[in-house]
Structure formats: C-alpha cells, structure tokens
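Architecture and fold: a report
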Amino acid sequence: RSLCDWSSDVCSSDLEVLTVRVKGPGRLPVEGARVYACDAEKDRWFERWRGRDDAAWTSDTVRYGETDAAGVALLPMPAGESSLKIGVNAEGYVFAEPFESPRRERLVEVELGRGADVIATVTTEAGRPAVGVQVRLLQRNEVSRGQRRMDARTDEAGQARFFSVQPGAHALLSPLPDMEPQRPAHWGDQNRSLEVPDSGTVEVALTVRATVEV
C-alpha cells in the first residue's frame, strides 16, 4: 500500500513518515501487526479504533499502518507540536500498552509479549466433562471489546482453551441460555475470578448444569 492510498492529503509536503518497528519474544519481527498513532491531544477516537482492533484506513484522526515481513509499518503523520500516542495490536500477542512518543522521534520500536494461556476444564454437577459448552473470559475493569473478551467452546474432554491472554484480573464464566419467559431463579451465574500472569499456563475448573440436546 503506497503512502498516497489513505486520503487526498497524505501526499502533502506537510506530512512526515513515522517508522514503527514491531518485535516479539527474542526480538523477532512481527508481520501483520496493526499500528495506530495520533496526536496525543487529539486521541478521542484512538481507543475506539484500537480497542475494536479495526483497520483505521478511513480515519482522518488516527493514522494506521500494518507491519511487513520485517516488522516495519510506515505511517504518514501531519506536522504538529504535540507528542504522538501510539498503540500496537497483533494476532497471537497481548495488546501493547499505549504510550506517548516525542514527535521528533522518526523511528519507534515496540516489543510485544505472548501473554499466558488459560485452560478451563468444565464438568457437570455429576463430574462428567461438559462438551460443547460456551465459555467466556473477560478482563476486569476494562470495556469488553477486542481481545479483552474471549470466547471458546469445550472439546470432548470438557476443556476450553484461551491463548495469548492479556495479563491482569479476569472473570471466567459460562453464559446461561436465554429462556422465555425467564430462567429458573436458582440457575445462578457460574463464574471464577483469576489473575493471569505475563506468561505461562493457568488452569481453572468450572462446574455447569448438565446439558441436553433437543
């Protein structure tokens, strides 16, 4: 994608190119990472694009680019006085914490972490594996969007697996089905609280009511 593909003003002489190099563990380049940048004082839409993890090619506020095989993204930035707010997302990696960078810095490096894996073993009240059950992992104190909400279904062993989970406090739950006119009152939500580390594997047990096929 050429620098002139974003909008009619991208080829203006007032633009400067910001180079963002994204690396993973072992400082290996990350291809296909999504890079967001904007004036730090004009970041109203920054988290909306980045949080939804959407390509922001059409935004006239947030500049956007995707890294190549060398882990490099080129973002044309308009001239200005304020510092830049930069954020990076990539499939299979945890969200990099947004940061500010002086505008005079034309090359910025970002290193992404893999995060931890969460394995949820779901059984029925009789102790049997619950197969095909929806399990949801939510990061607490965060809006449930992008990778902050993850969904999976249990396999034949009753296990649901979540990979590259953001570190911090989470809630693991199995959403109850919608029923009309209403669910039985004693069908309370089944959930567990857990703290996810920066790396490694976390195993959690969850019990649900027996499922039936209709």
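Just above sits the structure.
To keep things clear, this report deals only with the structure shown in the data block.

Conventions used here
Residues numbered from 1 in each chain as written. Predicted model: local features only at pLDDT ≥ 70, side-chain atom pairs only at ≥ 80, totals over all residues. Heavy atoms only, no water. Pairing = 2+ DSSP bridges. Helix = DSSP H or I, 4+ residues; strand = E, 2+ residues; numbered from the N terminus. Buried < 20%, exposed > 50% of the residue type's maximum accessible area, 1.4 Å probe, protein only. Contact = heavy atoms within 4.5 Å. Axes fitted to C-alpha atoms, helices over the stretch in contact; angles between N-to-C directions. Salt bridge = Lys/Arg side-chain N within 4 Å of Asp/Glu carboxyl O.

Bringing the pairing of strand β8 (residues 116-124) into the picture now. Note: β8 against strand β11 (residues 159-165), five bridges, orientation antiparallel. Bridge pairing in β11 places Thr121 opposite Gln159. Looking at chain direction, β8 and strand β14 (residues 201-208) are connected through eight bridges and run parallel. Paired with Asp117 across the bridge in β14 is Thr201.

Before going further, it helps to spend a moment on the side chain of Gln166. Take Gln166: it is sitting in the loop between β11 and β12 (168-173). Its relative accessible area of 17% is what places Gln166 among the buried residues. In this view, Gln166 contacts Val94, Phe95, Gln139 and Val196; residues no more than four positions away in its chain are not counted.

The side chains of a regular strand alternate between both faces of the sheet. Two strands pair when backbone bridges link them, and strand β9 (residues 134-139) and β12 are joined in this way by four bridges, in the antiparallel orientation. By the bridge assignment, Arg136 is partnered in β12 with Leu173. Alignment of β12 against strand β13 (residues 191-196), held across six bridges, turns out to be antiparallel. Each residue of the ladder has a partner; that of Ala169, found in β13, is Glu195.

To continue, consider the sheet that holds β13. Read across the open sheet, the four strands follow the order β10-β9-β12-β13; overall the sheet is antiparallel. Two strands lie at the open edges of the sheet, namely β10 (149-153) and β13, each paired on one side alone. Strand after strand, the sheet turns through a mean of 20 degrees between neighbouring axes, direction not considered.

Turning next to the sheet that holds β11. Note on sheets: strands pair through backbone hydrogen bonds, and any given pair is parallel or antiparallel. Strands sit in the order β11-β8-β14 across an open sheet of three strands; the sheet is mixed. Looking at strand neighbours, the two that pair on one side only are β11 and β14, the edges of this open sheet. Sheet twist, expressed as the average angle between the axes of neighbouring strands with direction ignored, equals 20 degrees.

This brings us to the pattern of salt bridges. Close approach of charged atoms allows side chains of opposite charge to pair. On inspection of all chains with the given rule, the structure shows ten salt bridges. Measuring nitrogen to oxygen at the nearest pair gives 2.6 Å for the salt bridge that ties Arg103 to Asp39. Remark: Asp39 occurs in strand β2 (residues 34-39) and Arg103 occurs in the loop between β6 (99-101) and β7 (107-111); sequence separation between them is 64 residues. Of the two residues, Arg103 and Asp39, neither departs from the other in class, the shared state being buried. Asp54 is the partner of Arg52 in a salt bridge, and the nearest nitrogen-oxygen pair spans 3.1 Å. Residue class for Asp54 comes out partly exposed when judged on its relative accessible area of 30%. Here the residues in one salt-bridge network are Arg21, Arg27, Glu109 and Glu111, joined through shared partners.

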